[in-house]
2 protein chains.
Amino acid sequence: MTDSEHPGTMMTSSRESEKEFLSKVFDLILKEGVEKQLNGDCKVVNFKHPEELLKTFDFKLQDDPETTERLLELCQDTYDYSVKTGHPQFFNTNFNGQDTFGLAGAMISDSLNTSQYTFDNAPVFTLMEHEVLGKIRDLCGFESGDGILTPGGTLANLFAVNLARYRINPDFRKQGIYGSKPMKIFVSDQSHYSFVKGAVFMGIGTDNLVVIPTDDRGKMIPEKLEEAIILVKEQGHIPLMVAATCGSTVLASYDPLEPIADICERHGDIWLHVDAAWGGGAMMTRKYRHLLKGIHRVKSLTWCLHKMMGVPFQCTSFVVNGNKDLMTKCHAANAEYLFQPDKFYDVSYDTGDKTLQCGRRVDIFKLWLMWKAKGNKGFDAETTHKFDMARSLADLIKNTEGFQLVQEPECTNVCFWYIPECLRGQEQNADYFKRLSKVAPQVKEAMTLEGTMLLTFQPNEVKSHVNFFKVGIGSARVKDENLAFILEEIQRLGKDIKV
Amino acid sequence: MTDSEHPGTMMTSSRESEKEFLSKVFDLILKEGVEKQLNGDCKVVNFKHPEELLKTFDFKLQDDPETTERLLELCQDTYDYSVKTGHPQFFNTNFNGQDTFGLAGAMISDSLNTSQYTFDNAPVFTLMEHEVLGKIRDLCGFESGDGILTPGGTLANLFAVNLARYRINPDFRKQGIYGSKPMKIFVSDQSHYSFVKGAVFMGIGTDNLVVIPTDDRGKMIPEKLEEAIILVKEQGHIPLMVAATCGSTVLASYDPLEPIADICERHGDIWLHVDAAWGGGAMMTRKYRHLLKGIHRVKSLTWCLHKMMGVPFQCTSFVVNGNKDLMTKCHAANAEYLFQPDKFYDVSYDTGDKTLQCGRRVDIFKLWLMWKAKGNKGFDAETTHKFDMARSLADLIKNTEGFQLVQEPECTNVCFWYIPECLRGQEQNADYFKRLSKVAPQVKEAMTLEGTMLLTFQPNEVKSHVNFFKVGIGSARVKDENLAFILEEIQRLGKDIKV
């Protein structure tokens with residue numbers, strides 16, 4: 001074995017061989033990660049069961065290094081057996097498509113490999129974050145405030161809980177919440193599960209999540225919220241926070257912010273947070289921003305830009321309305337090895353202590369570069385297109401035999417059932433729905449094994465909806481032909497299903 | 001304006017223009033992000049104060065899109081004014097250097113843009129994580145267990161707290177901790193601040209962090225730990241967890257695991273967690289793994305592979321010793337839209353519900369590809385080199401006039417003072433130390449403004465150490481000449497300092 005064959009360690013490789021390897025990787029990315037994927041010149045996935053994949057793919061880590069040729073083969077294998085989320089027929093998650101400018105930004109960030117806690121480590125990215133968070137607060141109509149990017153919507157939602165808790169009693173920071181009355185968090189029955197996980201993690205307990213019913217479109221019912229708050233107050237418990245949802249995970253419903261904000265004000269200025277992880281994108285559009293009417297009245301907002309806005313994963317913003325010092329007071333640990341007061345520059349630009357994390361990835365650059373590339377106008381046009389495409393898909397579903405909408409879409413999610421021939425015209429009794437619940441899993445299995453398309457399915461037990469399909473449109477690349485293919489393919493795969 | 005000049009939106013751009021843009025970005029990355037940076041053919045940073053940078057750099061987001069030519073200029077500007085963490089003279093954080101295989105892996109992950117919660121979304125990455133976490137548990141000598149990658153060491157440490165809390169009382173999950181006796185977390189006075197932030201976030205309170213003194217090398221004193229546990233038990237409080245540190249953030253001290261494990265066993269099987277975020281790398285080496293002697297006896301471990309192992313940021317592993325179902329039981333929310341039981345494959349490979357996050361970045365591929373490229377042998381050689389280089393630097397410091405070690409390094413951090421001529425031979429009284437504390441900030445300012453080198457400084461108040469320099473060696477590219485330059489440059493910049 002010579003060093004040039006096995007240049008895997010920094011100490012034996014030459015700069016030239018490293019550059020050559022990277023150049024070959026760039027070629028591979030352009031071919032397999034961009035062109036083939038976006039053109040749909042490949043399956044969405046070449047699915048293998050875990051046991052099969054373990055036999056097909058060389059996962060094992062060993063004592064000896066691999067050659068660079070072998071490493072390139074392994075990278076090729078990685079593409080071959082991975083899911084192509086940029087493929088035109090990938091709709092399996094709440095993000096799809098691939099943005100060229102976002103991808104470029106992600107890769108440039110990778111090459112700089114900076115941790116974004118202090119200005120002196122990440123000067124450019126600090127000021128980009130400053131600019132973007134300011135823009136987001138402007139979109140919300142907040143006159144002042146604070147904010148940070150977080151690794152995903154869950155943490156952003158939990159930051160809001162921590163701020164709300166600190167605001168009602170700063171002593172919790174030191175003493176913990178042991179002696180406190182139970183603190184209640186009000187969410188709708190369509191809210192994201194991060195509040196369940198967070199209630200455990202933050203010591204609050206899932207019993208203290210008060211789940212408010214929604215109407216038939218999945219929107220929190222304000223009157224029910226008010227009743228629940230009154231009851232909690234009568235019990236002597238603390239109404240800590242109302243977390244409204246704008247774009248719920250499955251039905252993509254928008255809770256009505258104005259009446260909810262009225263209730264929060266009426267009952268002692270309860271912290272109103274909005275989880276707009278999915279639906280926040282509507283703010284970028286002139287046509288759909290009315291869905292978040294009242295957003296200027298909330299105290300904090302979660303918005304995952306890696307979802308509807310198509311920024312490469314992860315890119316979540318958390319912004320606070322007013323309350324300028326709260327994040328710092330609530331989260332800061334003042335670690336002397338990072339946040340030295342005797343630095344020579346304006347340390348108010350050191351953002352790391354506002355958040356829970358120590359090291360923090362640069363998630364801002366890919367978003368900022370996309371925003372520069374598109375401008376407000378481009379983001380408006382792209383996002384409007386996504387909403388419009390969802391409407392088109394809903395119309396197509398309504399006009400195609402064997403398909404049935406779960407409800408009219410408000411956002412860019414479209415939820416629907418496929419009714420195979422064996423079920424059409426049958427009486428819709430318990431047996432019917434039991435059989436219908438088996439359809440989506442079977443069609444999903446067939447599409448996964450053929451690799452022609454991917455979309456997800458789920459039940460919605462709160463609404464007594466058995467398994468249905470969900471298409472979430474997060475890519476501006478989606479065209480009418482991609483929507484038509486969804487229905488054609490389900491028909492082809494599901495026509496002969498017997499349930 | 002024509003579309004080809006402003007191809008920023010997916011709806012107006014052609015695949016060809018996007019490919020052309022990406023190709024130009026690849027050229028830029030290879031030149032500015034790799035070659036120039038690694039060769040040191042540039043300043044470590046071209047520092048500007050925030051106000052200056054705001055004038056120099058075009059951060060503003062506007063209505064209209066920029067041309068692709070302008071976007072490439074902005075990318076060039078981003079390189080020009082960013083810190084080059086791959087530069088041979090960058091030692092400002094606990095990671096440095098740039099690994100070619102890690103960078104390749106990061107970029108390939110970017111192009112696939114997958115969220116790693118379920119097997120069907122990330123089949124290859126799921127099995128890679130399975131393999132790597134198994135290897136890490138093997139290194140620790142755990143016979144069975146569980147694990148996950150997390151976005152940084154803070155969350156990994158807090159996962160351990162959550163598991164420890166759930167283990168003593170699963171009812172906390174539902175009821176919260178309101179009625180509980182205070183839960184105490186024992187950490188050394190050199191431990192990472194994540195426990196402070198976590199105590200607030202998890203409702204435990206910073207008053208319930210019991211800080212155990214360390215010896216003169218920064219290691220937790222087992223006798224003091226045992227006294228503290230006995231006191232807590234006498235007070236009727238709950239000794240929840242001992243968090244040992246292996247490679248503390250500043251002095252990089254290793255707590256003695258064997259006697260600490262004995263104490264945890266003796267006092268009712270207290271959850272022993274190890275924060276080896278920085279020092280875990282020693283496990284990869286034959287020469288230094290003795291530093292973590294007793295690691296097989298801990299219940300959980302945090303290890304940031306993006307630090308000493310040089311994986312691109314972020315890549316943190318959290319592993320649990322035995323207790324196979326605990327992570328799932330403690331963290332799971334069983335969201336029906338993601339973790340459908342009626343999928344057609346073995347859903348035990350869906351890892352997402354073990355963790356707090358919903359969407360989860362693919363952090364595994366870059367690590368896995370590096371491990372393939374280097375093999376265990378390569379990682380051993382590289383990591384040993386880093387430890388050896390730290391020893392060389394310490395020797396150099398001892399043998400150079402005007403420099404003084406804070407203490408002999410055990411790990412790859414070297415902490416030292418520079419004593420400028422105006423202080424040499426002076427009586428070491430309060431005034432001396434007050435003046436000495438001003439040296440590092442002044443030299444740091446000078447090196448930042450010249451951009452020749454970056455290393456950090458901090459005081460260590462617990463040890464009554466005034467501001468000293470810290471070099472953390474996280475790159476296997478570091479050579480003797482880079483170490484020599486550190487001292488030469490501090491001498492040049494600090495020679496005439498008057499404090």
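Residues numbered from 1 in each chain as written. Chains lettered and ligands numbered in written order. Predicted model: local features only at pLDDT ≥ 70, side-chain atom pairs only at ≥ 80, totals over all residues. Heavy atoms only, no water.

**Some thoughts on the domain arrangement of chain A**
Often the size quoted for an interface is simply the accessible area lost on bringing the parts together.
Moving on, step 1. According to the domain assignment, chain A consists of domain 1 (15–43 + 46–82), domain 2 (115–361) and domain 3 (372–494).
Moving on, step 2. Using only C-alpha atoms to locate each centre, domain 1 of chain A and domain 2 of chain A end up separated by 39 Å. (Domains from an automatic or database assignment.)

**Thoughts on the interface of chain B and chain A**
Moving on, step 1. Listed per partner, the contact involves 172 residues of chain B and 172 residues of chain A.
Moving on, step 2. Carbon and sulfur atoms make up 64% of the surface buried where chain B meets chain A, a total of about 15600 Å² over both sides.
Moving on, step 3. The interface formed by chain B and chain A contains 16 salt bridges.
Moving on, step 4. When the shortest N-O distance is used, the salt bridge between D353 of chain B and K197 of chain A registers 2.9 Å.
Moving on, step 5. Here chain B and chain A share 76 residue pairs in polar contact (both at pLDDT 80 or more) between them. (Contact = heavy atoms within 4.5 Å. Buried area = accessible area lost by both parts, 1.4 Å probe. Salt bridge = Lys/Arg side-chain N within 4 Å of Asp/Glu carboxyl O. Polar contact = N/O pair within 3.5 Å; in protein donor to acceptor, adjacent residues only side chain to side chain.)

**A short note on the sheet that holds strand β9 (residues 403–405) of chain B**
Residue and element names in this part refer to chain B.
Moving on, step 1. The five strands lie next to each other as β1-β11-β12-β10-β9, forming an open sheet whose pairing is mixed. Of all the strands in the sheet, just β1 (90–91) and β9 have a single pairing partner and so form its edges.
Moving on, step 2. The sheet contact formed by β9 and strand β10 (residues 413–418) spans three bridges and is antiparallel. By the bridge assignment, L405 is partnered in β10 with F416.
Moving on, step 3. With respect to the sheet, helix α15 (residues 480–494) is in contact with β1, β9, β10, β11 (454–460) and β12 (465–472), its orientation differing from that of β10 by roughly 25°. (Pairing = 2+ DSSP bridges. Helix = DSSP H or I, 4+ residues; strand = E, 2+ residues; numbered from the N terminus. Axes fitted to C-alpha atoms, helices over the stretch in contact; angles between N-to-C directions.)

**Quick look at the nonpolar core**
Moving on, step 1. Ranked by size, the top nonpolar core spans 192 residues in total, and within it I29, V242 and L301 of chain A together with I29, V242 and L301 of chain B carry the most contacts.
Moving on, step 2. L301 of chain B has contacts with I136, C140, H273, V274, A276, M283, I295, S317, F318 and V319 of chain B, leaving out every residue within four places of it along the chain.
Moving on, step 3. The next biggest cluster of nonpolar side chains, apart from the first, holds 66 residues, and it includes A160, I177, I238 and W271 of chain A. (Core = buried A, V, L, I, M, F, W, Y, C linked by side-chain atoms within 4.5 Å. Buried < 20%, exposed > 50% of the residue type's maximum accessible area, 1.4 Å probe, protein only.)

**Section: helix α8 (residues 194–201) of chain A**
Moving on, step 1. In terms of burial, α8 of chain A is a largely internal element, seven of the eight residues being buried.
Moving on, step 2. Burial in α8 of chain A covers these residues: S194, F195, K197, G198, A199, V200 and F201 of chain A.

**With respect to unusual backbone geometry**
All names here are of chain A.
Moving on, step 1. With an omega of 5°, the peptide bond running from F313 to Q314 counts as cis.
Moving on, step 2. Its location among the elements puts Q314 in the loop between β7 (300–304) and β8 (316–321).
Moving on, step 3. Phi at N113 is positive, roughly 45°, even though this residue is not glycine.
Moving on, step 4. Assignment of secondary structure puts N113 in the loop between α4 (100–112) and α5 (123–140).
Moving on, step 5. According to the relative accessible area criterion, N113 is buried, its value standing at 12%.
Moving on, step 6. The backbone of N323 shows a phi angle near 45°, a positive value even though the residue is not glycine.
Moving on, step 7. Summarising the element assignment, N323 is placed in the loop between β8 and α11 (326–331).

**Overview of the relation of the copies chain B and chain A**
The second copy of the chain is related to the first by a rotation about an axis and a shift along the axis.
Moving on, step 1. The transform that puts chain B on chain A rotates by 180° and translates by 0.0 Å along the axis, for an RMSD of 0.0 Å. Viewed as a symmetry operation, the transformation between the two copies matches a two-fold axis.
Moving on, step 2. Interface residue correspondence from chain B to chain A reaches 100%, placing this contact among same-surface, isologous pairings. (Least-squares fit on C-alpha atoms with pLDDT ≥ 70 in both.)

**Examining the environment of Y193 of chain A**
Moving on, step 1. With respect to the secondary-structure elements, Y193 of chain A resides in the loop between β3 (183–188) and α8.
Moving on, step 2. Sequence-wise, Y193 of chain A and G97 of chain A are 96 residues apart; in three dimensions their C-alpha atoms are separated by 25 Å.
Moving on, step 3. Here Y193 of chain A is in contact with A333, A335, Y337, L338, F339, Q357 and C358 of chain B, once residues within four sequence places are set aside.

**Notes on the pairing of β12 of chain B**
Residues and elements named next belong to chain B.
Moving on, step 1. Burial analysis of β12 places eight of its eight residues in the buried class, which makes it a mostly covered element.
Moving on, step 2. One ladder, built from four bridges, connects β10 with β12; its direction is antiparallel. Across the sheet, the residue bridging to F416 is F469, located in β12.
Moving on, step 3. Pairing geometry for β11 and β12, over four bridges, is antiparallel. Within β12, the residue paired with Q458 across the bridge is F468.
Moving on, step 4. Connecting the antiparallel pair β11 and β12 is a turn made up of four residues, with S464 showing a positive phi of about 55°.

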